[in-house]
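Breakdown of the fold
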Amino acid sequence: MPRAFTETEETAIREQLRRKGLALFAAQGVTKTSVEQITQSVGIAKGSFYKFYGSKELLFFELLEDAQNEIRSPLLDAEEKNRAHLEKLLHQMFRAVLNNPLIHFMGRESELLAISRKVPAEVLIQHQQDDQKFLDQMIARWNTRTETPDRDQVAACITLFMLSCLNQDFIGERLAPYAEDIVVTDLANCFFAADSST
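Anyway, here's the lowdown on the structure attached to this text.

Reading the values: the criteria
- Residues numbered from 1 in each chain as written.
- Predicted model: local features only at pLDDT ≥ 70, side-chain atom pairs only at ≥ 80, totals over all residues.
- Heavy atoms only, no water.
- Helix = DSSP H or I, 4+ residues; strand = E, 2+ residues; numbered from the N terminus.
- Buried < 20%, exposed > 50% of the residue type's maximum accessible area, 1.4 Å probe, protein only.
- Contact = heavy atoms within 4.5 Å.
- Phe/Tyr/Trp six-rings, centres within 6.5 Å; stacked < 30°, edge-to-face > 60°.
- Lys NZ or Arg CZ within 6 Å of the ring centre and 35° of its normal.
- Salt bridge = Lys/Arg side-chain N within 4 Å of Asp/Glu carboxyl O.
- Disulfide = S-S within 2.5 Å.

1. A few points about the overall build of the protein
- Of the regular secondary structure elements, the protein holds 11 helices and zero strands.
- For the protein, the N- to C-terminal ordering of α and β elements is α-α-α-α-α-α-α-α-α-α-α.
- Along the longest, intermediate and shortest principal axes, the C-alpha atoms of the protein span 65 × 35 × 25 Å.
- Put simply, the protein has 198 residues, and 38% of those count as buried.
- For the protein, the share of sequence-separated contacts (at least 6 apart) that also reach a separation of at least 24 residues comes to 72%.

What follows is the structure, encoded as structure tokens:
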């Protein structure tokens, strides 16, 4: 039976689990990372892990959501509201997604299956609701058109944006910059007239 930890110890251990888990997941993904690897690197018993997280997949998912929120936040916090600034932020977001290994592992079917099997349904539903909330906030923040953009159109553009980020190998080095420009332009077109720079 895992020993009891003080509140201070629990806070420190949770932070270590997140830090060490992030390093391991970034290097090898959720399916190849074991709870034992995480707990050994933190210096706690395997059974103690479950005081903090119901599964390694739940830890991965928490870290993934943190990364996603950090990448998205500049789009909602921007003070400027013009097309050039939005496109600049979208290019930065594209680079951030490209450089985030956790998001890339989510592009693999085996990782998605592992997450969907082990993360509780209510957590996945909340994640979907948070995605919808972000979509609504983005539309409210950036729309300059007389009519509000169709949510499904914006969602489709964001999906294509993410697929382009996750499939750079398939797109190829020569075509990748063009693909990035296309998805950024298409997403900006949801909120600004195509010929608008402001």
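2. Things to note about the packing of aromatic side chains
- Taken as a whole, this structure holds five aromatic pairs when the rule is applied.
- Look at F25 and F60: their rings are 5.2 Å apart centre to centre, the planes differ by 80°, and that puts the pair in the edge-to-face class. On the criterion of sequence distance, the pair formed by F25 in helix α1 (residues 7-28) and F60 in helix α4 (residues 56-77) is long-range, its members being 35 residues apart. The exposure classification of F25 matches that of F60, with both residues buried.
- Aromatic rings pair up to connect F49, Y50 and Y53 into one cluster.
- For the cation-ring pair, R14 lies above Y53, with the distance from its terminal atom to the ring centre recorded as 5.1 Å.
- The aromatic ring of F134 is capped on one face by R72, whose charged end is 4.2 Å from the ring centroid.

3. Examining the environment of S48
- Its place among the elements puts S48 in helix α3 (residues 46-49).
- Using a relative accessible area of 4% as the deciding quantity, one classes S48 as buried.
- When the C-alpha positions of S48 and N143 are compared, they lie 48 Å apart, and in sequence the two are 95 residues distant.

4. Focus: the pattern of salt bridges
- A full pass over the atoms with the stated rule returns eight salt bridges.
- With its nearest N and O atoms 3.7 Å apart, the salt bridge here joins K51 to E10. Taken as a pair, K51 in the loop between α3 and α4 and E10 in helix α1 lie far apart in primary sequence, 41 residues in all.
- Assessed through its relative accessible area of 41%, K51 is described here as partly exposed.
- The partner of D131 in a salt bridge is R72, with the nearest N and O atoms 2.9 Å apart. Remark: R72 occurs in helix α4 and D131 occurs in helix α8 (residues 121-142); sequence separation between them is 59 residues.
- You can call R72 buried: its relative accessible area is 13%.
- Each member of the salt-bridge network shares a partner with another, and the members are R18, E62 and D66.

5. Points about the state of the cysteines
- Under the definition given, this model contains zero disulfides.
- C165 forms no disulfide, and the closest cysteine sulfur to it belongs to C157, at a distance of 13 Å.
- You can call C165 buried: its relative accessible area is 0%.

The values are spatial; any link to function lies outside them.
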